[in-house]
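Chain and residue survey
Listed here are the chains, written in short residue letters.
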Amino acid sequence: MKRPETIKKPEGKLAVLLPGLGAVSTTLIAGVLLARKGLASPVGSLSQTGTIRLGKRTDNRTPRIKEFAPLAALDDIVFGSWDLFPDNALESALHAEVLDSKHIDPIKDELAAIKPMTAAFYPEYVKRLSGTHVKTGATKADIVEQLREDIRTFIKTSGADRAVCVWCGSTEIFLEQTEAHQSIKAFEKGLLENDPSIPNSMLYAWACLKEGVPYANGAPNLTVDIPAMLELARETQTPVCGKDFKTGQTFMKTLLAPGFKARMLGMKGWFSTNILGNRDGEVLDDPGSFKSKEVSKLGALEQILQPELYPELYGDIYHKVRINYYPPRGDAKEGWDNIDIFGWLNYPMQIKVDFLCRDSILAAPLVLDLALFSDLGKRAGFRGVQEWLSFYFKSPQTASGLYPEHDIFIQSMKLKNTLRWMMGEELITHLGNEYYD
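Because the structure is predicted, anything quoted here is derived from the model rather than measured. (Residues numbered from 1 in each chain as written. Predicted model: local features only at pLDDT ≥ 70, side-chain atom pairs only at ≥ 80, totals over all residues. Heavy atoms only, no water.)

1. Side note on the state of the cysteines
In a disulfide, the sulfur atoms of two cysteines are held together by a covalent bond. This is how the line gets drawn: Disulfide: a pair of cysteine sulfur atoms within 2.5 Å of each other. Three labels apply to residues, based on accessible area from a 1.4 Å probe with only protein chains included: buried if under 20% of the type maximum, exposed if over 50%, partly exposed otherwise in between.
For the structure on display, the rule yields 0 disulfides. Lacking any disulfide linkage, Cys168 is separated from the closest cysteine sulfur, that of Cys165, by 8.3 Å. On the accessibility criterion, Cys168 (12% relative accessible area) is buried. A disulfide-free cysteine, Cys241 has its sulfur positioned 11 Å from the sulfur of Cys165, the nearest such atom.

Spelled out as structure tokens, the structure:
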């Protein structure tokens with residue numbers, strides 16, 4: 001990738017388009033609106049609260065990322081969305097029951113003004129949901145054209161200068177690549193023929209890429225990680241990234257597993273189970289949708305531990321993941337992990353983790369960062385897969401032929417070094433000579 005000679009300034013408003021106006025989207029929107037008023041802090045957002053070291057440690061140059069990189073300001077964001085249900089953002093936030101009234105009441109009028117556009121939705125891809133607020137058309141190609149018109153209309157009516165899109169909808173059933181996914185020509189033929197291998201999420205992604213709108217995939221759906229999408233992204237000079245927000249249990253795995261590997265501690269098994277009661281939990285109660293999530297969750301551990309390099313330590317791990325729908329828990333997901341490790345002379349040890357997390361509270365800042373960094377990438381002239389944003393995903397998308405990097409600490413270094421590189425600063429390698437003669 002060539003370093004950008006210039007990065008366009010973030011002038012005007014940025015439209016953040018969100019397929020799915022549910023718990024994650026409304027939590028994000030509320031947080032941004034509250035932060036604008038000085039009523040809350042965007043905790044968990046690297047772009048807003050994080051810093052970046054520049055130069056040698058002795059230089060004492062550590063600006064906030066939002067002051068270092070030319071990111072869009074929170075005041076310049078406008079939100080648009082699509083959803084299966086006609087509820088506005090206020091009604092949806094109340095239904096999700098993530099936020100307390102103290103965080104909803106000060107912005108209820110602004111939330112009520114955000115009304116979703118009709119969704120592109122074929123129920124066969126998300127078995128546990130049905131809605132009335134949906135588009136109709138003879139072909140999937142018709143639906144894509146309606147989505148493109150939505151994007152153009154929203155940008156115009158909101159006064160936005162440009163847009164990004166972050167998928168915040170439900171997990172779709174597990175799909176594998178077919179012939180329809182292999183090229184632009186094949187995909188557009190599939191749209192006209194209502195090819196069953198083209199799910200809802202691909203309709204949004206195709207419409208966005210056609211309009212030059214960066215697309216980040218927050219679910220484990222097969223969406224932009226197909227040749228046709230990547231071909232179109234290159235053609236329209238558009239960034240894409242994914243997939244599946246790294247929030248709860250997998251976040252913990254990418255924290256703990258690198259530590260075990262760094263200390264060369266062996267592992268016999270890792271059993272994970274979750275309970276959650278939000279819409280995501282209901283959708284994942286369907287075996288087809290769970291299969292998509294299971295593949296996403298299982299991949300991180302193997303890539304981090306590299307059993308092919310350390311067969312005596314990680315060559316025979318039993319790794320199991322369960323997700324259970326439990327309505328009383330709502331958005332307050334709980335993840336249990338039992339980890340069987342071994343150390344010196346193969347003596348066994350155990351670690352048990354009980355993470356009582358809040359799914360949407362963890363996801364919302366990731367959506368904000370992805371929107372702002374994707375917009376930055378677009379203005380810098382980036383196109384195609386944005387591996388530097390792997391930090392945010394369970395199953396990071398990579399360029400063809402490369403394995404994904406799951407270690408969160410390596411991902412963090414890659415993200416910050418990309419920002420340094422974009423802005424013409426030296427990369428941090430920890431091999432400097434500031435203390436060596």
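2. A look at the packing of aromatic side chains
How two aromatic rings sit relative to each other is set out by the distance from centre to centre and by the angle between their planes. Stated precisely, the cut-off is as follows: Pairing of aromatic side chains requires ring centres within 6.5 Å, counting the rings of Phe and Tyr and the six-membered ring of Trp. Pairs whose planes differ by under 30 degrees are stacked, by over 60 edge-to-face, and all others tilted. Numbered from the N terminus, helices here are DSSP runs of H or I no shorter than four residues, and strands are runs of E no shorter than two. By definition here, charges over rings are those cases where NZ of Lys or CZ of Arg is within 6 Å of the ring centre and within 35 degrees of the ring normal.
For the structure shown, the criterion picks out 10 aromatic pairs. Seen from their ring centres, Trp167 and Tyr204 are 5.7 Å apart, and the 70° between their planes marks the pair as edge-to-face. Separated by 37 residues along the polypeptide, Trp167 in strand E4 (residues 160-167) and Tyr204 in helix H9 (residues 200-210) bring together distant segments of the chain. As far as burial versus exposure is concerned, Trp167 and Tyr204 are alike and both buried. A network of ring pairs unites the aromatic residues Phe373, Phe382, Trp388, Phe391, Tyr392 and Trp421 as a single cluster. Taking NZ or CZ as reference, Lys140 lies 5.1 Å from the ring centre of Tyr122, over its face.

3. A look at helix H1 (residues 23-36)
What counts, and what does not: Take the number of residues in a helix, subtract one, and multiply by 1.5 Å to get its expected span. In this description, contact between two residues means that some pair of their heavy atoms is separated by no more than 4.5 Å.
Here H1 is 14 residues long and its end C-alpha atoms lie 20 Å apart, about the 20 Å a rise of 1.5 Å per residue gives. Among the 14 residues that make up H1, 12 are buried, leaving the element largely enclosed by the rest of the structure. Taken together, the buried positions of H1 are Ala23, Val24, Ser25, Thr26, Thr27, Leu28, Ile29, Ala30, Val32, Leu33, Leu34 and Ala35. Of the surrounding elements, those touching the buried residues of H1 are strand E1 (13-19), strand E2 (77-83), helix H4 (89-96), helix H5 (101-104), helix H6 (108-112) and helix H15 (359-379).

4. Describing the sheet that holds strand E10 (residues 348-356)
Note the following rule: Strand pairing follows a simple DSSP-based rule, namely that at least 2 bridges must link the two strands. What counts as an axis is a line fitted to C-alpha atoms, over the stretch in contact for a helix, and the angles between N-to-C directions run from 0 to 180 degrees.
In spatial order, the strands read E8-E7-E9-E10; together these 4 strands make up an open sheet with mixed pairing. Lying at the two open borders of the sheet, with one neighbouring strand each, are strand E8 (318-325) and E10. Going across the sheet, the axis of each strand differs from the next one's by a mean of 10°, ignoring polarity. Helix-sheet contacts for helix H11 (residues 249-262) involve strand E7 (266-276), E8, strand E9 (334-342) and E10, and the interaxial angle to E7 is about 165°.

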